[in-house]
Amino acid sequence: MIDKRVWGWMFFDWASQPFYTLGLTFVFGPYFAGVSLGYFLELGLEEQAAGARSQALWFWGSALSGLFIALAAPIIGAYADTTGRRMPWLVVFSVVFFTSAWALWYTFPDGSTLVLSLIAFNIALIAIEFALIFTNAVLPSLGTKAEIGRISGNGAALGYWGGVVSLFIVLLLLAENDIGKTLLGIEPILGLDPAAREGTRSVGPFIAVWFAVFMIPYVVYARAPCPPSQGNGIKDAMGDLMAALRGAYER
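First, a word on scope: everything that follows refers to the structure included in this document. (Residues numbered from 1 in each chain as written. Predicted model: local features only at pLDDT ≥ 70, side-chain atom pairs only at ≥ 80, totals over all residues. Heavy atoms only, no water.)

Here we come to the overall build of the protein. Helix and strand counts for the protein come out as 10 helices and 0 strands. When the helices and strands of the protein are listed from N to C terminus, the series reads α-α-α-α-α-α-α-α-α-α. Residue burial in the protein is summarised as follows: out of 251 residues, 45% are buried. Carbon and sulfur atoms form 68% of the exposed surface of the protein, whose accessible area is close to 13,400 Å². (Helix = DSSP H or I, 4+ residues; strand = E, 2+ residues; numbered from the N terminus. Buried < 20%, exposed > 50% of the residue type's maximum accessible area, 1.4 Å probe, protein only. Areas by Shrake-Rupley, 256 points an atom, 1.4 Å probe, with all protein chains shown as cover.)

This is the structure in structure tokens:
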């Protein structure tokens, strides 16, 4: 039987997966591509050139955020392991994620907020990746070495189903197609205006609220007493990181 701390920890995957499923892959990403293409066409570019500009805009946003994550993640991970300060930073990154994800609502069809929306999306991506670092730092305390792999796998499976369930909800009830209908053949619920693509734009607030609601089990059950600090902050974290890198190189 899985204890409450493990269940709480696994709910982070359920809470965060819709960002990748809905935001990155199936709903916001394609919507952003369509809006940016239309925007560059309105500027007078030919279709091929407009498509290239649209793809380049998304690429550079993703590349810069990915590079930042790659450079900062090892330092943040070392900090989490060295100081033991996890929940306060998880709260900070969760708030940043919630705010940035909600801001995707303001991705207007005319492209007037295109750059701001791209910035908000990538801030959300950075925040959720950094939050993941602090949740993963809790994993070793949830079981023995033999159990950790199973716990991690169960969390990933739960997250997968969270993405599937959230995708069906959005496609059936919110995200409209070119004729203003959802997958059920109805207009978006809650009185959202399909002409303004409010059903599709609501994916931002949907992701934010989903995350906030389903992080409750994590906060309630996965919280653990802060372990004794093994260092004094960034300086010691950098020292541990450099030692780990030297060890990896020597191997």
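Our focus in this paragraph is the side chain of Asp-13. With respect to the helices and strands, the residue Asp-13 is situated in helix H1 (residues 4-26). Sequence-distant contacts of Asp-13, defined by excluding residues within four places in its chain, comprise Gly-155, Ala-156 and Gly-159. (Contact = heavy atoms within 4.5 Å.)

A volume near 190 Å³ is recorded for the second largest pocket. As for the second largest pocket, its lining consists of 13 residues, of which Phe-12, Asp-13, Ser-16, Leu-132 and Asn-136 are closest to the centre. It is H1 that provides the largest number of residues to the lining of the second largest pocket, a total of 6 residues. Residues belonging to the lining of the second largest pocket are distributed by class as follows: 6 nonpolar, 6 polar and 1 charged. (1 Å grid on protein atoms, 1.4 Å probe; cavity = no way out; pocket = protein on both sides within 12 Å on 5 of 7 lines; lining within 4 Å. Points joined across faces, edges and corners; volume = space filled by probe spheres on them. Nonpolar A, V, L, I, M, F, W, Y, C, P; charged D, E, K, R; others polar.)

Packing of helix H4 (residues 87-102) against helix H5 (residues 114-136) brings their axes to within 8 Å, and their N-to-C directions diverge by 155°. By the angle between their directions, the pair H4 and H5 is classed as roughly antiparallel. Here H4 runs over H5; the crossing is left-handed. Facing Trp-89, Leu-90, Phe-93, Val-96, Phe-97, Ser-100 and Ala-101 of H4, the residues of H5 in contact are Ala-120, Ile-123, Ala-124, Ala-127, Ile-128, Phe-130, Ala-131, Phe-134 and Thr-135. (Axes fitted to C-alpha atoms, helices over the stretch in contact; angles between N-to-C directions. Parallel < 35°, antiparallel > 145°, perpendicular 65-115°, else oblique. Left-handed = near helix turned anticlockwise from the far one by under 90°.)

The next subject is helix H6 (residues 145-173). Structural remark: α-helix, 3.6 residues per turn; residues separated by three or four positions point the same way. Taking 1.5 Å of rise per residue, 29 residues should cover 42 Å, and H6 covers 43 Å from first to last C-alpha, within 8% of that figure. All of the buried residues along H6 are Ile-148, Ile-151, Gly-155, Leu-158, Gly-159, Gly-162, Gly-163, Ser-166, Leu-167 and Val-170. Contacts made by the buried residues of H6 are with H1 and helix H8 (203-214). (Expected span 1.5 Å × (residues − 1).)

It is worth spelling out the packing of aromatic side chains at this point. Scanning the entire structure with this criterion turns up 25 aromatic pairs. Grouping aromatic residues by their ring pairs yields a cluster made of Phe-12, Phe-19, Tyr-20, Phe-28, Phe-32, Trp-58, Phe-97, Phe-121, Phe-211 and Tyr-218. It is Arg-201 that lies over the ring of Trp-105; its NZ or CZ is 4.4 Å from the centre. (Phe/Tyr/Trp six-rings, centres within 6.5 Å; stacked < 30°, edge-to-face > 60°. Lys NZ or Arg CZ within 6 Å of the ring centre and 35° of its normal.)

Bringing the environment of Leu-22 into the picture now. Here Leu-22 is to be found in helix H1. Leu-22 sits 181 residues away from Val-203 along the chain, and the two C-alpha atoms are 7.1 Å apart. Not counting residues within four places of it along the chain, the set of residues in contact with Leu-22 comprises Val-27, Phe-28, Ser-166, Leu-167, Val-170, Val-203, Phe-206 and Ile-207.

What follows concerns the nonpolar core. By size, the foremost hydrophobic cluster in this structure holds 62 residues, and its most contacted members are Trp-9, Phe-19, Phe-97 and Tyr-218. Among the elements of the structure, H1, helix H2 (28-42), helix H3 (47-83), H4, H5, H6, H8 and helix H9 (216-222) are those that each provide at least two residues to this core. Among the elements that take part in this core, H5 stands out by supplying 13 residues, more than any other. Discounting residues that sit within four places of it in the chain, Phe-97 has contacts with Phe-19, Ala-124, Ala-127, Ile-128, Ile-207 and Phe-211. (Core = buried A, V, L, I, M, F, W, Y, C linked by side-chain atoms within 4.5 Å.)

Counting across every chain of the model gives 1 salt bridge. Linking Glu-176 and Arg-197 is a salt bridge whose minimum nitrogen-to-oxygen distance equals 3.2 Å. Here Arg-197 lies in the loop between H6 and helix H7 (198-201) and Glu-176 lies in the loop between H6 and H7, a separation of 21 residues in the sequence. For Glu-176, a relative accessible area of 4% puts it in the buried group. You can call Arg-197 partly exposed: its relative accessible area is 22%. (Salt bridge = Lys/Arg side-chain N within 4 Å of Asp/Glu carboxyl O.)

Together, Trp-102, Tyr-106, Val-209, Val-213, Ile-216, Val-219, Val-220 and Tyr-221 line one region of the surface with nonpolar side chains, adding up to about 700 Å² of accessible area. Those elements that place two or more of their residues in the nonpolar patch are H8 and H9. Considering the arrangement of structural elements, one finds Trp-102 in helix H4. Among the residues examined, Trp-102 registers a relative accessible area of 35% and is labelled partly exposed. (Patch = residues over 30% accessible without salt bridge, like charges linked within 9 Å, V, L, I, M, F, W, Y side chains within 5 Å.)

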